Amino acid sequence: MAIITISREVGSLGTAIAKKVTEDLGFSIIDRGIIEKELSRHYDISAEKAARYDEKVPSIWDFSLDKERYLHYMKSIMYDVARKKSCVVIGRGGQYLFQGLANTLHGRVFAPYELRLKRVMKRYTCSEEAAGRIIRHSDHDRAGFHKFFFNIDWEDQRLYDLVINTRTINMDAAVQMIKDVAATTKLLSKTPDAGGKIADMCLSQQVFMKIKYAEKLGVQMLEVEAEKGIVTIWGMAATEEDVQKCGKIAGTVAGVKKVVNEITTIKVFA
């Protein structure tokens, strides 16, 4: 199984490049459309609400549990798609969420500001001033999104395996470069989630969401880790009853074979 993540700037042609790679390789795609569709289908979150967080810095109004909930739902959707079939991830912190996996290729597409300006003016049929505002707004939002949700600098080249400047490398050449690197590194010959790592990541999210959002148990600092169906949960609960409830709830999630309950009670001093 291959996972190719593409980080891109507006006006860099990165989204078009990512979609062409997806088409050529016959991969699944993870983009805004897929995230919004699955959020609406499984979690009853509208596209309008999702748009508050999608590659944006949350506003002051959004400093709430909605932010955390959106992040966990988004991660669950992305992991679920990736565990089923090779995919291309367009933005959305893919370079962070899939880091450390042996079957991934992380790419970044960028271009000089002046060239981005011309492309944005052409795309939106707008003035240079308006195009500049679009670029500044997009860059600010995407940088803030990565910093706020993942505490990373999206321009840090250490996050990427391949960095493409579309000033001299056109779209077709960029697509071919990505495919060539994927082929050379034998990324395309990997079997779907052979080690079960993504399935574990997906299961961790499902258990977390079941405890925190579906059952709405007041567990503080909840953490979940899964390995081959064995799930370990950490955190702090108000009562021993809540601790036991967490363990039972975790055990009801499909795919969980065993629960190691490390949640402790909070000591309250009068």
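Here, every reference points to the structure presented above.
Here's what I pulled together on the structure shown here.

Cut-offs applied
- Residues numbered from 1 in each chain as written.
- Predicted model: local features only at pLDDT ≥ 70, side-chain atom pairs only at ≥ 80, totals over all residues.
- Heavy atoms only, no water.
- Pairing = 2+ DSSP bridges.
- Helix = DSSP H or I, 4+ residues; strand = E, 2+ residues; numbered from the N terminus.
- Axes fitted to C-alpha atoms, helices over the stretch in contact; angles between N-to-C directions.
- Expected span 1.5 Å × (residues − 1).
- Buried < 20%, exposed > 50% of the residue type's maximum accessible area, 1.4 Å probe, protein only.
- Polar contact = N/O pair within 3.5 Å; in protein donor to acceptor, adjacent residues only side chain to side chain.
- Parallel < 35°, antiparallel > 145°, perpendicular 65-115°, else oblique.
- Left-handed = near helix turned anticlockwise from the far one by under 90°.
- Contact = heavy atoms within 4.5 Å.

## Regarding the sheet that holds strand β2 (residues 28–30)
Step number 1: The parallel open sheet is built from five strands, whose spatial order is β2-β3-β1-β4-β5. In this open sheet, the two strands that pair with only one neighbour each are β2 and β5 (162–165). Ignoring strand direction, the axes of neighbouring strands in this sheet form an average angle of 20 degrees.
Step number 2: Of the strand pairs in this sheet, strand β1 (residues 3–8) and strand β3 (residues 87–90) are connected by four bridges, and their pairing is parallel. Considered in β3, the bridge of Ile6 is made with Ile90.

## Digging into helix α2 (residues 32–43)
Step number 1: Spanning 12 residues, α2 covers 16 Å between terminal C-alpha atoms, matching the ideal 16 Å at 1.5 Å per step.
Step number 2: What α2 keeps buried is the set Ile35, Glu36, Glu38 and Leu39.
Step number 3: The N-cap residue of α2 is Asp31: its side-chain oxygen and the backbone nitrogen of Gly33 are 3.2 Å apart.
Step number 4: Asp44 occupies a position one or two residues after α2 and carries a positive phi of about 55 degrees.

## A closer look at the packing of helix α6 (residues 113–124) against helix α7 (residues 128–150)
Step number 1: Interaxial distance between α6 and α7 falls to 9 Å at its minimum, and their mutual angle equals 110 degrees. Classed by the angle they form, the pair α6 and α7 counts as roughly perpendicular. Between α6 and α7 lies a crossing whose hand is right-handed. Judged by residue contacts, Tyr113, Arg116, Leu117, Val120, Met121 and Tyr124 of α6 engage Glu128, Ala131, Gly132, Ile134, Ile135, Arg136 and Asp139 from α7.

## Examining the pairing of strand β6 (residues 220–227)
Step number 1: As judged from the six bridges shared by β6 and strand β7 (residues 230–237), these two strands associate in the antiparallel manner. The partner of Ala226 across the bridge, within β7, is Val231.
Step number 2: In sequence, β6 turns back onto β7 through a hairpin of two residues, with Lys228 there showing a positive phi of about 55 degrees.

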